[in-house]
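An overview of the molecular structure
Now for the letters of each chain:
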Amino acid sequence: MTVSVLTETGAGKLFDYAVPPELAARVKPGQRVRVPFGSRMVTGYIASVERGGGASKDAGDEVGVPAQLSLFGGVETPSLRPLATIEDEVPFFSPALLKLAFWMAQYFFAPLESVFRCILPAAVRNPGAKARVQLYVEAVQPPPPDAEAPTPKQAEVLAGIVRVGGGWLTALPKEFSCSEGVIRALEKKKLVTIEPLQRRRDPLARRKVLPTTPLPLTPEQAGALAQIREVLDTPGKRKPLLLFGVTGSGKTEVYLQAIAHILSRGGGAIVMVPEISLTPQTVQRFAGRFGSCVAVLHSALSDGERFDEWHRIRTGEAKVVVGPRSAVFAPVQRLGMIIVDEEHEPSYKQEDVPRYNGRDVAVVRAHLEGCAVVLGSATPCMETWHNVAVGKYAIAKMRSRVAGRPMPAVNVVDMRLETARTGHAQIFSGDLLEALKLRLERGQQSILFLNRRGYATSLTCPKCGYTAECGDCSVAYTYHRADDCLRCHICGAWKPVPARCPECGDPAFRYSGFGTQRVELALQKCFPGARILRMDADVTARKHSHDEILSVFRAGRADILIGTQMIAKGLDFPNVTLVGVLMADTSLNLPDFRAGERTYQLLAQVSGRAGRAELPGEVFIQTYAPGHPAVRAAAGDDGFEPFASQELAERAEGRYPPYEHLTCLTFKGRDEDKLRLTTARYAAELKAAAAPGIRVSDAVPCNLSKAKGYFRYQVILFAPSSRAILNVLQSVLARFPVQNDVSLSVDVDALNLG
Ligand code: ADP
Ligand code: ZN
């Protein structure tokens with residue numbers, strides 16, 4: 001009997017070990033083990049178990065382990081060394097998660113170890129210091145007959161322990177003003193037990209959670225829930241379901257009732273939400289309904305909290321997991337459903353290795369687990385919409401807001417006319433100012449959205465045209481007024497504002513363009529009495545400030561919230577009746593075939609923040625391109641579906657995703673000439689090696705042509721399948737490995753062509 005083990009040695013492949021007879025009955029795939037490696041012992045995880053005679057493997061067989069192995073150099077088999085110990089009986093990975101890891105490594109062209117590092121948080125992999133296993137004291141009730149009588153002091157402490165129902169060995173002495181020795185003595189007399197117990201550091205502990213009960217559903221919600229339940233009650237492999245519901249249609253209530261159905265059958269669920277909408281509000285909606293069986297995973301957790309939550313999930317204590325993209329790997333027992341809320345969100349894509357898309361991984365995991373997957377959105381991405389159109393995914397629609405609330409009235413403001421009328425570029429149109437004034441008078445709240453932080457987008461010399469640019473990145477510095485400096489939004493470098501133009505010596509600089517800071521100041525001038533809040537990456541750097549700003553706004557202690565895309569997602573403020581989009585063009589001008597889709601999604605989502613409760617909402621979209629289809633669709637009543645058909649027709653014509661897959665290769669290097677030559681050579685080799693049907697772009701500088709001192713070039717490959725692209729790439733890389741002075745990153749199904 002042998003096992004294949006993935007070690008944390010960076011070897012990039014699996015190693016086989018012989019299983020000593022005394023361990024044979026205990027080994028299972030996914031267990032953490034210790035194995036000899038070179039002259040030392042290392043920790044590893046059993047990837048598969050081979051029970052003699054090369055028979056079937058327990059894991060990895062279905063999703064192409066053979067190809068995986070060829071990718072990583074194969075399993076080493078000569079003279080097997082023995083497995084040393086099994087560290088944890090309960091596997092760290094289920095067979096389905098193991099298969100998922102193999103699939104991801106292959107599909108996203110990533111080292112298997114990098115995938116395992118995603119699946120198993122660092123806090124779990126290196127528990128040592130983090131595992132706060134503490135000693136828990138409990139009274140033995142009733143006292144055993146053979147127990148020795150306690151001294152008066154011991155009896156007093158024992159009575160205290162009985163009264164409070166037990167406690168930590170570190171805490172009790174303080175509580176009862178005694179030494180630890182007194183409690184140890186009680187243990188000797190068999191009057192208390194002292195046992196190691198995992199102490200749960202509860203991320204919800206700071207929050208008041210009010211229990212909620214299921215709401216009576218609207219007919220559309222009931223219809224959607226019935227469709228989901230039908231999926232849940234169908235055994236075996238099922239189609240993913242898109243829950244396509246307009247903003248405010250009550251998707252969350254549908255999720256909650258679907259989860260309740262799963263829990264009633266002893267199953268568990270994962271709810272993925274974009275990191276940015278993992279607010280107390282969202283968490284409370286789940287914790288309020290399901291109480292302590294909810295586990296929350298988010299990036300602000302301490303290692304200890306993460307360790308505890310992970311173990312609560314693995315042991316089955318927590319059955320509902322709410323978290324961002326990494327929650328897709330949660331070791332939920334009897335997983336019945338994965339929900340991906342706001343499935344169109346680009347933040348589900350991880351921009352580091354492994355460059356996976358959490359939504360797509362959710363669909364594959366659901367397939368491997370044989371559980372249901374529900375993708376929710378008011379503005380689905382084109383890939384998902386296409387999958388519905390071709391019948392791969394099922395769909396449930398909710399076309400109206402709950403309680404017959406109207407969708408907000410959307411006005412498009414042509415900023416070209418505003419500029420002509422006033423003689424110079426404006427931040428606020430006259431209409432928007434009027435509307436803001438009205439809200440202030442009525443005591444209602446407004447949200448202003450601008451996808452640009454800082455004060456001014458650039459600092460230019462009016463005389464010679466010099467623009468202050470970062471030396472290490474190909475972008476202009478943004479002027480930040482609060483600390484009066486120039487800052488690069490790519491590398492974070494900053495420098496003081498020069499007193500004179502470094503080129504011509506002119507003392508007068510001009511600030512052009514505007515960011516959220518400038519909007520805040522301009523707004524304060526227009527409405528001196530208004531209470532204004534700003535939320536962007538500059539103010540939310542602190543751990544809880546994001547939550548704090550939102551709760552101040554929610555509590556009605558501010559009139560206007562200005563923010564970047566952070567405020568666009570999933571927030572539900574009942575008193576907001578006005579939303580202003582200051583510059584719809586920022587995302588339209590991106591040099592990316594998805595610019596229109598992104599703009600539509602952003603406008604529709606931001607607009608969706610208005611008029612969500614009893615008060616009707618109004619939206620103003622300021623733009624220099626009022627005729628753009630994405631803007632018109634966001635403004636019109638017919639909304640998404642006609643826009644999607646037109647967008648898909650254009651994609652089909654250009655053979656862009658979702659009609660073909662694309663993989664983006666980014667080459668980086670410090671020497672631009674060398675980099676250009678190298679990239680051009682790879683483009684040529686790829687073109688020569690490409691089978692018919694695979695398109696290879698020329699080598700061109702990226703949109704962001706330099707970042708942090710490295711120049712960036714890219715080659716994009718298109719083909720009907722990602723596999724076909726990787727085959728070509730592998731064959732070329734095998735012949736021409738990437739040299740040291742250039743680095744290559746491979747982004748399969750890239751979302752950002754920067
Ligand atoms: P979505 O996620 O589709 O934008 P939400 O789930 O946030 O919508 O719901 C919008 C608002 O409607 C929330 O305040 C929610 O509490 C409320 N709501 C949802 N379903 C119902 C219902 N059946 N009856 C009354 N209010 C509801
Ligand atoms: Zn920079």
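Bear in mind that the values here come from a model prediction, so they are computed numbers and not experimental data. (Residues numbered from 1 in each chain as written. Chains lettered and ligands numbered in written order. Predicted model: local features only at pLDDT ≥ 70, side-chain atom pairs only at ≥ 80, totals over all residues. Heavy atoms only, no water.)

For the chain, per-residue confidence averages 87 on the pLDDT scale, and 92% of positions sit at 70 or higher. In this model, residues 53-76 is a region of pLDDT below 50 whose contacts with residues beyond four sequence positions or in other chains number 54 contacts. (pLDDT = per-residue confidence, 0-100. Contact = heavy atoms within 4.5 Å.)

For the zinc ion (ligand 2), every protein donor is listed as Cys470 (SG), Cys473 (SG), Cys488 (SG) and Cys491 (SG), and the spread of their distances is 2.3 to 2.4 Å. Considering all 4 donor atoms around the zinc ion (ligand 2), angles at the metal cover 106 to 113 degrees and the coordination shape is tetrahedral. Read in sequence order, the donor residues for the zinc ion (ligand 2) give the motif C-x2-C-x14-C-x2-C. Classification of Cys470 by relative accessible area gives buried; the value is 6%. Since its relative accessible area comes to 2%, Cys473 is described here as buried. (Donors = N, O, S within 2.8 Å, 3.2 Å for Na, K, Ca; no water. Tetrahedral: all angles 85-135°; square planar, octahedral: opposite > 155°, others 65-115°. Buried < 20%, exposed > 50% of the residue type's maximum accessible area, 1.4 Å probe, protein only.)

Below, the discussion takes up the sheet that holds strand S22 (residues 494-496). Spatially, 3 strands are ordered S20-S21-S22 in an open sheet, and the strand pairing comes out antiparallel. Strands at the two margins of the open sheet, each flanked by one partner only, are strand S20 (478-480) and S22. The sheet shows a mean angle of 30 degrees between the axes of neighbouring strands, taken without regard to direction. Bridge count for strand S21 (residues 485-487) against S22 is 3 bridges, and the pairing is antiparallel. When the bridges of S22 are listed, Arg487 appears paired with Trp494. (Pairing = 2+ DSSP bridges. Helix = DSSP H or I, 4+ residues; strand = E, 2+ residues; numbered from the N terminus. Axes fitted to C-alpha atoms, helices over the stretch in contact; angles between N-to-C directions.)

Here we take up the pairing of strand S11 (residues 268-272). Burial within S11 is extensive, with 5 of its 5 residues counted as buried. Going residue by residue along S11, you find Gly268, Ile270 and Met272 tucked away on one face and Ala269 and Val271 tucked away on the opposite face as well.

Moving on to the side chain of Thr384. Within the secondary structure, Thr384 is located in helix H13 (residues 382-389). The class of Thr384 is buried, set by a relative accessible area of 2%. In this structure Thr384 touches Leu242, Glu343, Arg359, Leu375 and Tyr393, once residues within four positions along its chain are discounted.

Locating Thr2 in the fold gives a position in strand S1 (residues 2-7). Along the primary structure Thr2 and Val373 are separated by 371 residues, whereas in three dimensions their C-alpha atoms are 35 Å apart. Among all residues touching Thr2, those that are not within four sequence positions of it are Tyr17, Ala18, Val19, Ser48, Val49, Glu50 and Leu80.

Taken together, 18 residues sit near ligand 1, with Pro216, Gln221, Gly248, Lys251 and Asp572 positioned nearest. Gln221 has a polar side-chain atom sitting 2.8 Å from a nitrogen atom of ligand 1. Between ligand 1 and Ser249, the relevant distance is 3.3 Å, taken from an oxygen atom to a main-chain nitrogen or oxygen of the residue. Cavity membership is defined here by more than half of the atoms lying within 2 Å of grid points; on that basis ligand 1 lies in the second largest pocket. In terms of residue count, the dominant contributor to the shell around ligand 1 is helix H9 (residues 251-264) (3 residues). Considering only residue class, the shell around ligand 1 consists of 5 nonpolar, 7 polar and 6 charged. (Near = heavy atom within 4 Å. Polar contact = N/O pair within 3.5 Å; in protein donor to acceptor, adjacent residues only side chain to side chain. 1 Å grid on protein atoms, 1.4 Å probe; cavity = no way out; pocket = protein on both sides within 12 Å on 5 of 7 lines; lining within 4 Å. Sits in = over half its atoms within 2 Å of the grid points. Nonpolar A, V, L, I, M, F, W, Y, C, P; charged D, E, K, R; others polar.)

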